[in-house]
Structures are given as structure tokens and as C-alpha cells.
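Topology and contacts: notes
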Amino acid sequence: MNQRPFAITLDVGSSRSNHTGSWRVERPNYVNRLPPCNNACPAGENIQGWLYEAESGDYEAAWRTLVEENPFPAIMGRICFHPCESACNRVQVDEAVGINAVERFLGDYALEHGLRLPDAGPATGKRVLVVGAGPAGLSAAYHLRRQGHHVRLVDSSAQLGGMMRYGIPAYRLPRAVLDAEIQRVIDMGVEVMLNHNVDDIEIERESGRFDAIFLAVGAQLGKRVNIPAGDSARILDAVSFLHEVADENPPLLGRRVVIYGGGDTAMDAARTARRLGATEAVVVYRRNQEKMPAHVEEYEQALGEGVTMRWLSTINKVDADKIVIEKMRLNAEGFPEATGEYEELGTDAVVLALGQDTDLSLLARASDIEVNDGSVQVAENLMTNGRGIFAGGDAVPAERTATVAVGHGKKAARGIDAYVRGATPEPVAKHALAEFATLNTWYYSDAERTQRPELEKVRRQDNFEEVVLGLTERNALFEARRCMSCGNCFECDNCFGVCPDNAVLKFSDGTYEFNLDYCKGCGICAHECPCGAIEMVPERI
Amino acid sequence: MTKRPVRFYQVGSFAVGNRLLSDEERTVQSDPDRTNSIDSGHRACQGCGEALGARYALDAAMRATNNQLVAVNATGCLEVFSTPYPETSWRIPWLHSLFGNAPAVATGVAAALRVKGQSEVRVVSQGGDGGTVDIGFGCLSGMFERNDDVLYICYDNEGYMNTGVQRSGATPPAARTATTDVVGPQPGNTFGQGKDLPRIAMAHDVAYVATATVADLHDLEAKVERAMAFRGARYLHVLVPCPLGWGSAANETIHVARLAKETGMFPVFEAEYGVVTSVSKIRHQTPVEEYLKLQKRFAHLFGKNPRPEIVAHLQELANRNIARYGLIDREETPAARHASTSEEPA
Ligand SMILES: Cc1ncc(C[n+]2csc(CCOP(=O)(O)OP(=O)(O)O)c2C)c(N)n1
Ligand code: SF4
Ligand SMILES: [Mg+2]
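Here's what I pulled together on the structure shown here. (Residues numbered from 1 in each chain as written. Chains lettered and ligands numbered in written order. Predicted model: local features only at pLDDT ≥ 70, side-chain atom pairs only at ≥ 80, totals over all residues. Heavy atoms only, no water.)

On to the sheet that holds strand 11 (residues 308-310) of chain A, then. Within a sheet, adjacent strands bond to each other through the backbone by hydrogen bonds, running parallel or antiparallel. Residues and elements named next belong to chain A. With respect to topology, five strands assemble into an open sheet ordered 8-15-9-10-11, the strand pairing being parallel. Where the open sheet ends on each side, the last strands, each with one partner, are strand 8 (235-237) and strand 11. Sheet twist, expressed as the mean angle between neighbouring strand axes with direction ignored, is 25°. In this structure, strand 8 lies alongside strand 15 (residues 349-352), joined through three bridges in parallel fashion. (Pairing = 2+ DSSP bridges. Helix = DSSP H or I, 4+ residues; strand = E, 2+ residues; numbered from the N terminus. Axes fitted to C-alpha atoms, helices over the stretch in contact; angles between N-to-C directions.)

Written as C-alpha cells, this is what we have:
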């Protein structure tokens, strides 16, 4: 007898027996692309990675991801000139993500909660000498300790930090923050020798039986120019000036101070002079605002604090109570040329901020090390021509910022590690850049950037209190959530949702997979992926 | 409106899901255990908007009814690509009868359930735009008038796609179809004809009428849920781009639907008892060209012999929608609009 219902001749089957994946000519692939912020970070931070952690409110995890590359988030969050933000894709939507502000929030969070850096690695028995305890040297010490090498860190100054202490004024980087983050590195078991001048690098190497050396001596000598000066003219250089202020032994400047130069050091010197009581702090610079090397934040802060600018001017003569300025104009190539017009300016002291040189006298016997234009020449891995001697930071040709120095420290540590193990350093593979065109920004809410509060101007005049303040937790979280996670999946479920063929599988650990039995290759998932983490690749047919 | 306020995350409220949302705040589609009312292996074209729209709507209806749902289907692509006898993609109780009678069949199903005392089982009737605005229109209007307890969902791909892209009463003016060739002074479909079924449905004063697109999942799901809160006749009109019939790229199905809304070509709104109660505002207003240029059915308006006056005419129709439904708030900035639906820092 027929068991089937009336008029039914075949059993019902599922369409799943029809493998429509065979229609496909292209297949989707999950990819990781390099976010432009990460790509721009001189310290090689995984910015997108730590913002992703911060977004969920797990600030410790975010901090841990961050310090994989850079042990100084609280410092960087204050003094880094954040090339990441200039590169940030969100600039093309509204405004860059406030990466630097979040970094500072994480750094402060870690200090407040007493988070410790990862432990030192198992001892390798290798000994490394790091000369110079600035950002490059400290960063190298951190990474070398993690690799398990013994590190002796020497510096000629009385305290650690290099230019972070002796160049950057306390209103930009409070000393408590600087000290705490440095101490955390030292606590990993770094042997420190302060007030220690290295006169000859070869003698130092032999006496300490070091397997490798990292030279991170910085550029501590203020450049001098020959300006005719009267006997009682008061001329200082900005590097020593800031150093003395940092040592709490500020020189007497008088009421009217002229700062000569247009870089960040000039701005720091001018703002410091104002805080020491100068009623007039005038920056004299031979080119114009457009050509000025100082970062715009620094410049604007200086203006806000009453610093004034004299563009297109050079100093021709310095006397006890005045200087003579010659006016300049820019020629067709943008170089300043003299006009022959002069002017006098009443002043009590002149601070020269005309750049810095490196003191390389310690290399006198290391004749194989190549020095060019006052900078130590290095290979890609930061090794000099000298056997086992690496160099980085301001002493080598590169942009002179603390963040670049921190990046050098990491790179040198990697090079040294390979060198002492007798291995060749593995090149770090880079993903393709997550360009703006790969994103689908429709999915990101309109959300304008949170600005950092600033100390009121009247409260800055006579002290070194910190000027730029931190974000609240709420604002930091909001800012982290503005990140678009360029080129890296952040589990938005779009691919899982938009596939007309249910060919995306979602797993409980937040991962996805394509079910190629049914994926017809329409590419909607790739098109609708907000962050460009799916690519379509031709199917081999 | 039952739309849940979504907190501000990396993607705000626009993406399907977010790892940081609680389960209740997530869309039905982000749930790994969603019904998948229509299963893999169906024979819809690559990038089919109708397959997607049907899964979005029915999965949401399944959640809203606690899985007590029957679907009735008119003939059309949705029926043909899902159910080549004896195979089927449907994972829910599903009936098919004819091209023109789905609303009447649904009426019968609802009546039968009432007689059996199974009022918790809800009925959805669905079809393409041809089956809805043309051949099934009489049955649908009757279903509205009788106020039968059915949610009717029209998947509007603006033509008779299953039989080879013929014009329907929902085909937009100037569009090329197999029966509206691009010849003569007014190439493509005629201006001034066709039916605006959501407004016709509203004229029946039924409890709930809404439009949606496959480009805004949150909105679509909220509307299905809202529709299920009413008893009686309800109507949901979902725009579902058809890559084959529109000549759009398979990967741009959602993008095209989004532009239909952002240009004002397709107004997204909802109405209760004949009165509009909310509209989806345009977020980034876009000229109609951007929408038209992605579709080969409008290719004759561009290229070597462009027809800017026809494009301008279509823009006028979009502007009329914008004015009629208030799709743009002139005085508000986009940021201010956003602030009303999300959590911002103090
Ligand atoms: C009475 C009747 N006339 C014609 C057909 C042929 N037919 C089947 S589907 C279809 C068009 C369907 O168009 P639409 O309802 O818009 O659905 P789509 O395929 O576009 O999703 C036609 C004309 C039929 N099945 N029955
Ligand atoms: S949006 Fe996020 S990932 Fe993209 S560049 Fe900006 S910070 Fe980096
Ligand atoms: Mg149709």
C-alpha cells in the first residue's frame, strides 16, 4: 500500500544536496591588512590591536599588547608627535582617532594599577652594554632583558631618561610618570651605572667582556654659531639650558629672553623661559611659520602661553641688553636671503636652539665605525661596521624623536639578539596596507573626536604643572571605539549576516569560516566588510 | 517603534552584530543559531537580494513568533529557486499554490488555524512585486479589507524576474526590461504609470504598513517584530535588488539597496492605521545618478548619448519622496541626528 500522502510521489529532500559552490569563479578569503597607524608608528606599535582590546574595556589586555613593542605608554601618550594620527584612515571620515590620548590613558591606568612589565627571559649568559639611558637605550634594555640577555646600562648623567628628562620640560612630561615607567624597566633586572663616562668603547668592551654593544648616546651638544657678541652678552645653548632646569638649577636669564631657532627645542626653551619669569620670550627664526620644523601643537601651546615670534629674522650681533636682527626674505627656492634691513631688539639673554650634535669621542679607537656628517652609519639592523656594535637614536641618521629612538631600541635588540646567537635576523613580514579604499565606512557611526582638556593658561605661567590633561575612562573608551579596525576583523558579523547563501559559518570564539560547498562567490561579504578584512581571489578553474 | 537604542561601538548600529553587545541587543541574523528559514543550496543567482531579504524577514518572524509560523508563497523566483520538487530550501512550514492567489491562500490558512484554536501560530504570505502589485492585487486588497490575520511581505525587485525580466507595476520609470525596450523618445519604462503599493495598503487603513531594504538589517528586523505585535492584516514591502534584472554587480546588492534609500528613490518608513509614524532619514544624501549608474537597466541614460533630462526627472521623483516623507531634516546636522540614537560622552 502507498504510504505517502495523497499525490506525493517523491520524498522531500533538502536543497543542501545541491552544492552551489561549484558556480563560483572567485572565492572570499579572510585577510589581515596593515593598518596605516601601525605602519606609521616609529616604535612599531600594534595600535589597532591595542585599541581593539581597549574597546572592550579590558585596559590591562590593551596595555599588555601595547608594551609588547613599547614599554613607555604613559610617556609616549604625552610626548609622541603621533604620526599614527596623521596616517589614520578615520581622517577621511571625520577626524583621526585620538590614539595618543588613549595611549596615555592606558599608560596612566597601568601606573595607577601597578601593572608590571613581562618578566625577563631565561638567562642566555650573553652580556650587552648599552651606552646612553635615553629612550633608545632604555627601550633596547627592555627588549634585551625579555630575550634573557644581561644588560649593563651606562649614562654620563646623574639620572636615567636622557632627553626625555633633560630635553623635555616637566610641564610636558611630569617627572613622576617618567620615573615610574623607567623604574619598571630597571626592575626587570637591568644593571645601571650612572655618572659613568665612556671614554673609549673598546676598553669598555674588553673590561666588561661584552658580547655586543648598543650605542645610544643621543645628540647632546647644542650647535653653536659665530655671532659677534659684546663682552657682557649673555648667550646660552638650549640643550644645556633645559638640562640645568631639569637638574633644578636654572640659570638666570633676565626679563627679556630671545630664543634663536624654530624647532621643538626652541618652543620648549621659550615656554620654559616664560615659566622661569621672563616677561618676554621671543622666538627668532630665519624662515617663516610654514617652514618651521616645530610641531604645530607645540607652537600653538607656546603662543597660548605668551611666547611671541619673529619670522624671517637672523641675529647679527648680541650685546648686553640688545640684539641686532637682520630681516630676511625667502627666495624662489624657499631659502632665506638677507635683505640688508636691520632692527634692534632689547634683550637680556639669547638662547640658541639651532640643532644638536653627537659627541662621538668614545669611538676614537673604533676606527672601523663609519661616521658621516656627525652621525654613526648603520645597516638595516642598526649594526655599525664595528664588530658587534650597534647604534640608534639621535646618534644615527633618522628623525630625532623619542618615538623613533624607542623603535631603534627594539630593532637593535632584535639585531643584537640574532648577532649574539649567531643567527641571521629574520625579516619581519609586513601585510599589505589597509588603504582607505578597502573600507566600507558606511557602517561606522558619525562620532567626532574627543578633545583633551588643557590646563588653564593663567595657571601655567609660573610653574611646571602638566599642560595637557588626560581623558576620563568614559572618553578614552569612546575614543577607542572610534577606531575602524582597518584591515583586521573585529567580529561585526557582517559577513555572517549578508551572505544570501548562508555560506559563512560563525563560531563561538568569534571566528568565521567560509563554507565553500555553498559559497557562490558573489562577493557581498567582501564588499560589506567594514574594515576590509576579506579579499576575493580568482578560483582556479 | 520597537527599534532598540544601540550604544556606540566601532560600527554603531549599522553592522549586523558586535562582539560587545549583549545577546538581546544583537540582530537575529548575528545569532549563530538563527533559523536560516531558507537553506543553503538554493538556486538563486549570485548576490540575490530576494534570497537575502526572505531570510532576514522570515528569521525575524520566527523569533517574533517563538517559531510558530507558517509561510505561504506566490509563484516567482523565491518559490522557483527554493523548491525544485522534490527538493526544498525551506526549513519552516511552507505552502505554495499559484502566482496570483497567495493572499487568499494565507487567508484560508489563518481561518483554518482559527477554527483549530491554534491562534498562536501566525501566518506570513509572501511574493514578488509582480505577484503582489499586479496579478495578486485583488486577493491582497480583499485580505486587507477583511483584515485577515496575515502579514504579507512583498519582495520588490521591480520586475517579473523569474520569467525573464518583464515590466511590472513596480518597475521604475525609464528602466529597461524585456518589455520596455530603450527605443523612442521615452526609452525604457513609461513615466507616470505603475503602482505605489505601500500607499495603497495604507489607504486600506490596515494596522501596519512598512517599507524596508536589505541594506538596513536592524530596521528590517525591527519592522517584522513590530508587525508581529499586531493582529489583523499587515503589509511589509522590502526592496531587494536583482543583479540579473538590474544589471548590477553581484557584490553590490546591498550597496545598491542602500543608495536607493540614500537618494530618496525608495522611501523607507512605517505607518499604523493609515498614518506614517516614522521614517528612516537619509544619512548621506546622494544624487540619483550614483544609484542609476550602477545598473545596466539605466545605462541608456548615460554614456555616448546621455539623457540628463530623464535623469533630472528621476531626481524630481526622488525629491518628491524626500518632501513627502520628510527624509531629510534640514536644520539638524548628521552628528546631532546621531546623538539622539546613541550614547555620547558627556
Ligand atoms: C497565472 C500565471 N501567469 C504567469 C505565470 C508565470 N510566472 C511565474 S513567476 C512570474 C513572474 C514573477 O514575478 P514577481 O512576482 O515579481 O517575482 P520575481 O520572480 O520577480 O521574484 C510569472 C510571470 C504563472 N506562474 N502563473
Ligand atoms: S581607524 Fe583605527 S586602525 Fe584605522 S588608522 Fe585609525 S586608529 Fe588605526
Ligand atoms: Mg519581481
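What follows concerns the site of ligand 2. Residue and element names in this part refer to chain A. Close to ligand 2 lie 13 residues, the nearest being Cys37, Cys88, Cys483, Met484 and Cys486. Breaking the shell around ligand 2 down by element, the ones donating at least two residues are helix 1 (36-40) and helix 2 (47-55). When its residues are assigned to classes, the shell around ligand 2 shows ten nonpolar, three polar and no charged. (Near = heavy atom within 4 Å. Nonpolar A, V, L, I, M, F, W, Y, C, P; charged D, E, K, R; others polar.)

A few words on the sheet that holds strand 5 (residues 150-156) of chain B. All names here are of chain B. On the basis of which strands lie adjacent, the open sheet formed by eight strands has the order 3-1-4-5-7-6-8-9 and mixed pairing. The outermost strands of the open sheet, each flanked by one partner alone, are strand 3 (94-96) and strand 9 (275-279). Between one strand axis and the next, the sheet turns by 20° as a mean value, whatever way the strands run. For strand 6 (residues 208-213) and strand 8 (residues 269-272), the ladder comprises three bridges, and the chain directions are antiparallel. Counterpart to Tyr208 in the pairing with strand 8 is Glu272.

The subject of this paragraph is the site of ligand 1. Residues and elements named next belong to chain B. Near ligand 1, the surroundings consist of 16 residues, among which Glu50, Cys77, Gly130, Gly131 and Gly159 are the closest. Side-chain polar atom of Asp129 to an oxygen atom of ligand 1: 3.1 Å apart, as the coordinates give it. Relative to its unbound accessible area of 580 Å², ligand 1 is 72% covered by the protein chains. (Polar contact = N/O pair within 3.5 Å; in protein donor to acceptor, adjacent residues only side chain to side chain. Areas by Shrake-Rupley, 256 points an atom, 1.4 Å probe, with all protein chains shown as cover.)

What follows is about helix 5 (residues 137-146) of chain B. Residues Leu140, Gly142, Met143 and Phe144 of chain B constitute the buried set of helix 5 of chain B. Residues of helix 5 of chain B that are buried in the fold lie against helix 3 (102-115), helix 4 (129-135), strand 5, helix 6 (197-203) and strand 7 (234-239) of chain B. (Buried < 20%, exposed > 50% of the residue type's maximum accessible area, 1.4 Å probe, protein only. Contact = heavy atoms within 4.5 Å.)

What follows concerns the nonpolar core. One finds Tyr56, Val124, Ile153, Tyr155, Leu236 and Ile254 of chain B to be the most contacted residues of the largest nonpolar core, which totals 70 residues. Element by element, the count of residues in this core is highest for helix 1 (residues 49-64) of chain B, at nine residues. Every residue in contact with Val124 of chain B, bar those within four places of it in the chain, is listed here: Leu58, Ala61, Leu69, Val70, Ala71, Val72, Val150, Leu151, Ile153 and Met228 of chain B. Core analysis: the second largest hydrophobic core is formed by 69 residues, Ala54, Leu66, Leu160 and Met164 of chain A among them. (Core = buried A, V, L, I, M, F, W, Y, C linked by side-chain atoms within 4.5 Å.)

In this description, an aromatic ring pair is defined by two values, namely the gap between the centres and the angle between the planes. Taken as a whole and judged by the stated rule, the model has 18 aromatic pairs over all chains. Note on Trp90 of chain B and Trp94 of chain B: the rings are 5.6 Å apart at their centroids and 15° apart in plane angle, and the pair reads as stacked. Between Phe144 of chain B and Tyr235 of chain B, the aromatic rings sit 5.9 Å apart at their centres with planes inclined by 85°, giving edge-to-face as the arrangement. Of this pair, Phe144 of chain B sits in helix 5 while Tyr235 of chain B sits in strand 7; the two residues are 91 residues apart in sequence, bridging distant segments of the chain. When sorted by exposure, Phe144 of chain B lands in the same class as Tyr235 of chain B, which is buried. What links up through ring pairs into an aromatic cluster is the set Tyr30, Tyr512 and Phe514 of chain A. For Lys195 of chain B, the ring lying beneath its charged end belongs to Phe137 of chain B, and the centroid distance is 4.9 Å. Geometry around Trp442 of chain A places Arg283 of chain B over its ring, the cationic atom sitting 4.5 Å from the centre. (Phe/Tyr/Trp six-rings, centres within 6.5 Å; stacked < 30°, edge-to-face > 60°. Lys NZ or Arg CZ within 6 Å of the ring centre and 35° of its normal.)

Taken together, the side chains of Ile8 and Leu10 of chain A together with Tyr85 of chain B define a hydrophobic patch exposed on the protein surface, amounting to about 290 Å² of accessible area. Mapped onto the elements of the fold, Tyr85 of chain B is located in the loop between helix 2 (77-82) and strand 2 (87-88). (Patch = residues over 30% accessible without salt bridge, like charges linked within 9 Å, V, L, I, M, F, W, Y side chains within 5 Å. Salt bridge = Lys/Arg side-chain N within 4 Å of Asp/Glu carboxyl O.)

Residue and element names in this part refer to chain A. Counting buried positions along strand 9 (residues 256-260) yields four of five residues, so the element is predominantly enclosed. Direction of pairing for strand 9 relative to strand 10 (residues 280-284): parallel, over a ladder of five bridges. For Tyr260, the partnering residue across the bridge sits in strand 10 and is Val284. The parallel pair strand 9 and strand 10 is bridged by helix 12 (residues 264-275), and the resulting crossover is right-handed. As defined by bridge partners, strand 9 adjoins strand 15 across four bridges and the pair is classed as parallel. From the neighbouring strand, Val258 faces strand 15, where its bridge partner is Val350. (Right-handed = clockwise from strand over helix to strand, strands pointing away.)

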